[in-house]
Amino acid sequence: MSKKTDSNIYTVLFATAMVVVVGALLAFIASASKPLIDENKRIEKQQNILYAMGVNENDETSAIFVSKDKVGEEFSKYITKQLVIQGDKVTEDAKAYLIDVKKEQTSAKSGNQRRLPLFIGEKDGKKFYIAPIRGKGLWDAVWGYIAMDENMVVQGAYFDHAGETAGLGSNIKQRFFMDDFIGEHLKSDGVFKGIAISKSNNDPLNKNKTDNEVDAIAGATITGDGVSAMIKSELRQYVSYFNTLKNN
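Chemist: So what exactly am I meant to see when it comes to the overall build of the chain here?
Modeler: Summing up its helical and strand segments, the chain has 6 helices and 10 strands in all. The C-alpha radius of gyration of the chain comes to 23 Å, more than 25% above the 18 Å expected for a compact globule of 248 residues. Considering only C-alpha atoms, the chain reaches an extent of 85 × 40 × 40 Å along its principal axes. In the chain, the proportion of contacts linking residues at least 24 apart, taken out of those at least 6 apart, comes to 55%. Working note: accessible area of the chain is about 14,000 Å², and carbon and sulfur atoms make up 54% of it. Positive and negative charge centroids in the chain, built from 32 and 32 side chains respectively, lie 6 Å apart.

In structure tokens, the structure reads:
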């Protein structure tokens, strides 16, 4: 009996030691990897922001980011201000691009006042206001960056997703979809409307930029609805700021 007890104790102690060792090893790996992970996040966010304002390496059909080795320099060149909007308070923050939109959304649900990042860029004598947005698609999160002028007319867009259906909802990150948003008005007669992804859109060539609609992706209705809801709910948060631009 004592041998069995000893054996059980040994097994428990060995398992406990292994858990401690493995846990410590994983913690060390996570800690050592954090700078690289943070750097990759910075690069991705800066690429997305620049893409939305038209600073990219696109060919005729494909969406291509500014390369990793150039993105920091290009970001500094084209992004002139980073703002954080919180209620009526607007402050400059050189690290606004690091704000986690998902965490801010969750915090707002608890009654906290959300921080809204906004990036001001200049290119070819033109000013761009780029806002990050996040929502829910069919299977998982969808997100993007929308570049606007002072009248909330879209100047460029970038969308991405965590797990939409390949060849259907995943096409929100394809040029043929994203480019349709360029020139679209988010307001109608001064009132914020957003942009709907519509299956019943009567303008499939997207010539009418004031109808607050773009053509839906075939077979991706729920993803399109998610993008529509994301644009409307997220960009509505910025209307008060844009109204102040009209008053200046």
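Moving on from the coordinates now.
Chemist: Any chance you could explain the pairing of strand β5 (residues 141–148) here in plain terms?
Modeler: Most of β5 sits out of view: 8 of its 8 residues are buried. Alternating residues of β5 divide into Ala141, Trp143, Tyr145 and Ala147 and Val142, Gly144, Ile146 and Met148, and every residue in both groups is buried. Pairing geometry for strand β4 (residues 126–136) and β5, over 8 bridges, is antiparallel. Considered in β5, the bridge of Ala131 is made with Ile146. Linking β4 back to β5 in an antiparallel pair, the connection comprises 4 residues. Hairpin remark: β5 followed by strand β6 (residues 154–161), antiparallel, with 5 residues in the connecting loop; positive phi at Met152, about 60 degrees.

Chemist: What is the right way to look at the packing of aromatic side chains in this model?
Modeler: Pairs of aromatic rings are described using the distance from one ring centre to the other and the angle between the two planes. Applying the stated criterion to the full structure yields 10 aromatic pairs. What links up through ring pairs into an aromatic cluster is the set Tyr51, Phe65 and Tyr158.

Chemist: Even after reading the chapter, I still don't get the nonpolar core, so can you show me in this structure?
Modeler: One broad trend across soluble globular proteins is that nonpolar side chains are buried collectively. Among the nonpolar cores identified, the biggest contains 36 residues, and Phe159, Phe181, Leu186, Ile231 and Leu235 are the most heavily contacted of them. Looking at this core, the elements with two or more residues in it are β1 (79–86), β3 (116–123), β4, β5, β6, α4 (175–178), α5 (221–235) and α6 (239–247). In contact with Phe181, other than residues within four places in its own chain, are Val154, Ala157, Phe159, Ile195, Ile197, Val214 and Ile231. Listed in part, the 20 residues of the second largest apolar core include Ala52, Met53, Phe75 and Tyr145.

Chemist: Just checking my understanding: could you explain the pattern of salt bridges for this structure?
Modeler: Opposite charge on two side chains permits them to pair, given that their charged atoms come into close proximity. Across all of its chains, the model carries 6 salt bridges by this definition. With a shortest N-O distance of 3.2 Å, Lys70 and Glu57 are connected by a salt bridge. Placement of the pair is Lys70 in helix α2 (residues 68–78) and Glu57 in the loop between α1 (2–52) and α2, with a sequence separation of 13 residues. On the basis of relative accessible area, Glu57 is assigned to the partly exposed category, the value being 35%. The shortest N-O distance in the salt bridge between Lys173 and Asp160 comes to 3.4 Å. With Lys173 in the loop between β6 and α4 and Asp160 in strand β6, the pair connects residues that are 13 residues apart, well separated along the chain.

Chemist: Looking at this structure, I do not really get helix α3 (residues 101–109). What am I missing?
Modeler: Because each turn of an α-helix spans 3.6 residues, side chains separated by three or four positions in sequence point in the same direction. Every buried residue belonging to α3 is among Val101, Glu104 and Gln105, and all of these are buried. The buried residues of α3 occupy one face: seen down the axis, they fall within an arc of 100 degrees. The secondary structure elements touched by the buried residues of α3 are β4 and α5. A distance of 3.0 Å separates the backbone nitrogen of Lys102 from a side-chain oxygen at the start of α3, and that oxygen is part of Asp100. In the segment just after α3, Gly111 is the residue with positive phi, at about 95 degrees.

Chemist: Just checking my understanding: could you explain the pairing of strand β2 (residues 89–92) for this structure?
Modeler: Looking along a regular strand, one sees side chains alternate from face to face of the sheet. Pairing analysis gives 4 bridges linking β1 to β2, with the strands arranged antiparallel. Note on β2: the bridge partner recorded for Val84 is Thr91. What sits between β1 and β2 in their antiparallel hairpin is a turn of 2 residues, with Gly87 showing a positive phi close to 65 degrees.

Cut-offs applied
- Residues numbered from 1 in each chain as written.
- Predicted model: local features only at pLDDT ≥ 70, side-chain atom pairs only at ≥ 80, totals over all residues.
- Heavy atoms only, no water.
- Helix = DSSP H or I, 4+ residues; strand = E, 2+ residues; numbered from the N terminus.
- Rg over C-alpha atoms; globule rule 2.2 N^0.38 Å.
- Contact = heavy atoms within 4.5 Å.
- Areas by Shrake-Rupley, 256 points an atom, 1.4 Å probe, with all protein chains shown as cover.
- Lys, Arg positive; Asp, Glu negative; His and termini not counted.
- Charge placed at Lys NZ, Arg CZ, Asp CG, Glu CD.
- Buried < 20%, exposed > 50% of the residue type's maximum accessible area, 1.4 Å probe, protein only.
- Pairing = 2+ DSSP bridges.
- Phe/Tyr/Trp six-rings, centres within 6.5 Å; stacked < 30°, edge-to-face > 60°.
- Core = buried A, V, L, I, M, F, W, Y, C linked by side-chain atoms within 4.5 Å.
- Salt bridge = Lys/Arg side-chain N within 4 Å of Asp/Glu carboxyl O.
- Arc of directions from axis to C-beta.
- Polar contact = N/O pair within 3.5 Å; in protein donor to acceptor, adjacent residues only side chain to side chain.

The analysis is restricted to geometry; functional conclusions fall outside its scope.
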